[in-house]
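This is what each chain is made of:
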Amino acid sequence: MKIRIRSSYTSMIITIGIFLSLVVIGSCVYDNFFSAQNLVNLLIDNSFLIIVALGETLVIISGGIDLSVGSIIAFVSMLVAYLLTTLHWNPFLVICLVLLVGGFVGLMHGILITYFNVQPFIATLAGMFLTRGLSYVISTDTISISNPLFVAISEYRIPFLFDSFLSIGVVITLVILGLFIYIAHYTRFGRAIYAIGSNEMSARLMGLPVNRTKVLVYVLSGFTSSVGGLVFSFYMLSGYGSHAIGLELDAIAGTVVGGTLMTGGVGFVVGTVFGVLIEGIIQTFINFQGNLNSWWTRIAVAVLLLIFIAVQRLLVARREQKKSVKRVETVEYAHSGD
Amino acid sequence: MKPLLKKSIASHQIFWPLVGLALLLLFNFIFTKDFFVLELKDGHLYGSVIDILNRGSVLMLLTIGMTLVIASGGIDISVGSVMAISSSTIAMLLSGKMVELNGHSQFVSNIPLGFALLLTLAFALLLGLWNGILVSYFGLQAIVATLILLVAGRGIAQLITSGNVITVYHERFFYFGGGFLFGLPVSIFIVGAVFLITLLLVKRTAFGLFLESVGINRVAGRFSGLNVQLITLICYSISGLCAGLAGILTTSEVRSSDPNTVGNFIELDAILAFAIAGNSMAGGKFSLSASMIGALIIQTIRTTIYSRGVAPEIMLVVNAVIVIVICSLQSDRVKALAGRKWLKQGQV
């Protein structure tokens, strides 16, 4: 009996395979590597990155990109610290406010991209400048968070299997993950995202609410970024304008490694989680090795990116080969003509 | 007659960027003290205007490369990393030791200056070629292909310098970023030369025409017999070279190389300069001169903010507002609204 795997699953399966083999390699090479806590720590240390990458995944599947996620994290951490430490606001009020702020920045992106035809790259670049700049406007120094509720959340440990423990951040991450799996694969909105990413024109002709969906995708990404920012604030207990610089690249890299096509239309929310975890595990390797510097992480991630993009390219090439060459050319021509 | 004339001037792409720059300069003329004052010290000109040209040189170099790449329908987000790599390369190549010569100690580098410069530029060219090959021959999306080098580049730069900040002691090397020629900073002449060469390439050879047709429609370009892949490759190579040169200039100016900070986020400024100039992000028609004005606008804003004593952090917010305004103005929706108004006036 031949097992058929849908070709769009291939890169995600490769990703999970690579993650598992990295775990095996790590356990063989390093003594204390294979412990429940060490693996859970991967989740704890990367929780905000996973949350942000989930939002980024939906944006990329819809055919766009969101460069603002790292700066929104910094802005949220700064805003939280400022409102709590300097202005002594009620923590619940602060949490609600920052969630709204992220959604609002996303809404701005969505409107610029959909109604003003600004390229996603440029629109979210503006958002990145804006939020990063605003956090420096609040203060250029680090503000620590000493609010009792935030400290309590930060220090709270939930017992988990094999004497390990989770943080609240991980729980939030898992909730968001569940939400995103539901959105992406079981709702009309999710299917519309995939359709728009594959071919916006045909999605429009099919009568899908293209504009509304695109705006919502960016709002969702802004929202997850602010949730990521909150989790980051719990994790760091400080606000700083230079927090999370370049995090958007890690999020995009994790998404691509997780099997999402940058051209849109193909991708998996779960794959992204493993993509980010692979980045995390490489970092753990380098920590365990001890004598390697952190810039090796960047290089390793870049090499991984290259491999995955090459694999995706091959898959796409194979799919295109199946269609007649002539048809592909016609479709391409129609695309570039409009 | 008069409206016709107005139309023909305003329809040039470079018109609006020039108006923007003029407004900025006017603002400075009125509100910033001594903005246009030029001082002659030891035969060298000093002043805010010279400063804008001098400090803007790196951004202008990057914008030249970026203009060609975006015009070909791509984007190069790796220029900042390439700058960091070239900066650390030249800093390492120019390392050497102090030698006693004729009674006073003098610095002697391990590798002659000219050779070091050539090697660095060759390395930058290689990085540009890598981007270009990924985009044109492997058919990767430009943003993904250059993302790889963006992520890896700073790591490679740190690998070259072993993660340290390298101080350069080579006296003659400082001439490029800090020297003067005919009373003006040398960097201005370097940028001018690169700009002229590229302008000649674009305007006086068929390359510019080919580039625009590739940017507007790749498939049509291929069908009309253009070597689309080669043209794309050339654009990325030029961008790599420009970034390499920019890295050399920066290193020469600050006399050291810090792989963490050289060219951080400058790719965004270069893209911004391109977009402000009214060029289309989708590729195709472009104006190199307008891009230069765009880069100067950004530098003028920066110098204005510094000279007015406003916190430099505001720069990011200002940048954001400019991007939003400029890009919204370029969109068809706003143009349609404005166009209707103008049309009515024209009919009356």
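In this text the structure is predicted, and so the values were computed from the model without any measurement.

Enquirer: Account for the overall build of chain B, with residues named and values stated.
Expert: Helix and strand counts for chain B stand at 16 helices and eight strands. For chain B, contacts bridging at least 24 residues in sequence account for 77% of all contacts bridging at least 6.

Enquirer: Can you lay out the overall build of chain A for me, pointing to particular residues and giving the numbers?
Expert: What chain A contains, in helices and strands, is 14 helices and four strands. The C-alpha atoms of chain A give 21 Å as radius of gyration, which agrees with the globular expectation for 338 residues (20 Å, within 12%). Taken along the three principal axes of its C-alpha coordinates, chain A extends 65 × 50 × 35 Å. Taking all 338 residues of chain A together, the buried fraction comes to 48%. Within chain A, contacts between residues at least 6 apart in sequence are counted, and of these 78% link residues at least 24 apart.

Enquirer: Requested: an account of the interface of chain A and chain B, with residues and values cited.
Expert: Between chain A and chain B, the residue contacts involve 39 residues of the former and 36 residues of the latter. Secondary-structure elements contributing two or more residues to the side of chain A that touches chain B are α4 (91-115), α5 (120-138), α11 (247-257), α13 (295-322) and α14 (325-337) of chain A. Top contributing element to the side of chain A that touches chain B by residue count: α5 of chain A, with eleven residues. Looking at the side of chain A that touches chain B residue by residue, the classes come out as 27 nonpolar, seven polar and five charged.

Enquirer: So what about the packing of helix α2 (residues 15-31) of chain B against helix α14 (residues 288-307) of chain B? Which residues, and what values?
Expert: Residues and elements named next belong to chain B. α14 packs onto α2 with a crossing angle of 20 degrees between their chain directions and a minimal axis gap of 9 Å. If you check the angle between α2 and α14, you find them roughly parallel. As α2 packs across α14, the resulting crossing turns out to be left-handed. Contacts between α2 and α14 involve Pro 17, Leu 18, Gly 20, Leu 21, Leu 24, Leu 25 and Asn 28 from the first element and Ala 290, Ile 293, Gly 294, Leu 296, Ile 297, Thr 300, Ile 301 and Thr 304 from the second.

Enquirer: Residues and numbers for the environment of Val 24 of chain A, please.
Expert: Relative to the helices and strands, Val 24 of chain A is located in helix α1 (residues 7-29). In the structure, Val 24 of chain A is positioned ten residues away from Phe 34 of chain A in sequence and 8.2 Å away in space, judged by C-alpha atoms.

Enquirer: Any details on the confidence of the model for chain A? Residues and values, ideally.
Expert: On average, residues of chain A score 81 in pLDDT, and 91% of them are at 70 or above. When pLDDT is averaged over each element of chain A, helix α10 (residues 210-236) of chain A comes out on top at 90 and α14 of chain A at the bottom at 50.

Enquirer: Which residues make up helix α6 (residues 113-136) of chain B, and what values go with them?
Expert: Helix length check: α6 of chain B (24 residues) gives 34 Å between terminal C-alpha atoms against 34 Å at 1.5 Å per residue, within 8%. Taken residue by residue, α6 of chain B has Ala 116, Thr 120, Phe 123, Ala 124, Leu 127, Gly 128, Asn 131, Gly 132, Leu 134, Val 135 and Ser 136 of chain B as its buried positions.

Enquirer: Before we move on, could you go through unusual backbone geometry and cite the residues and values that matter?
Expert: One non-glycine residue, Arg 255 of chain B, adopts positive backbone phi at about 60 degrees. With respect to the helices, strands and loops of the structure, Arg 255 of chain B is situated in the loop between α12 (228-254) and β8 (256-257).

Enquirer: Account for α12 of chain B, with residues named and values stated.
Expert: All names here are of chain B. The end-to-end C-alpha distance of α12, which contains 27 residues, comes to 39 Å, matching closely the 39 Å that a straight helix rising 1.5 Å per residue would cover. A large share of α12 lies buried, amounting to 23 of its 27 residues. Looking one or two places after α12, you find Arg 255, whose phi comes out positive at around 60 degrees.

Enquirer: So what about the packing of α11 of chain A against helix α12 (residues 269-289) of chain A? Which residues, and what values?
Expert: Residues and elements named next belong to chain A. Contact geometry for α11 and α12: axes closest at 7 Å, N-to-C directions at 120 degrees. Taken together, α11 and α12 sit at an angle that is classed as oblique. Here the hand of the crossing between α11 and α12 comes out right-handed. Across from Asp 250, Ala 253, Gly 254, Thr 255 and Val 257 in α11, the residues of α12 making contact are Thr 272, Gly 275, Val 276, Ile 278 and Glu 279. Among the residues making up the contact of α11 with α12, the classes are represented as four nonpolar, four polar and two charged.

How each quantity is defined
- Residues numbered from 1 in each chain as written.
- Chains lettered and ligands numbered in written order.
- Predicted model: local features only at pLDDT ≥ 70, side-chain atom pairs only at ≥ 80, totals over all residues.
- Helix = DSSP H or I, 4+ residues; strand = E, 2+ residues; numbered from the N terminus.
- Contact = placed C-beta atoms within 7 Å.
- Rg over C-alpha atoms; globule rule 2.2 N^0.38 Å.
- Buried ≥ 20, exposed ≤ 12 C-beta atoms within 10 Å, placed from the backbone.
- Nonpolar A, V, L, I, M, F, W, Y, C, P; charged D, E, K, R; others polar.
- Axes fitted to C-alpha atoms, helices over the stretch in contact; angles between N-to-C directions.
- Parallel < 35°, antiparallel > 145°, perpendicular 65-115°, else oblique.
- Left-handed = near helix turned anticlockwise from the far one by under 90°.
- pLDDT = per-residue confidence, 0-100.
- Expected span 1.5 Å × (residues − 1).

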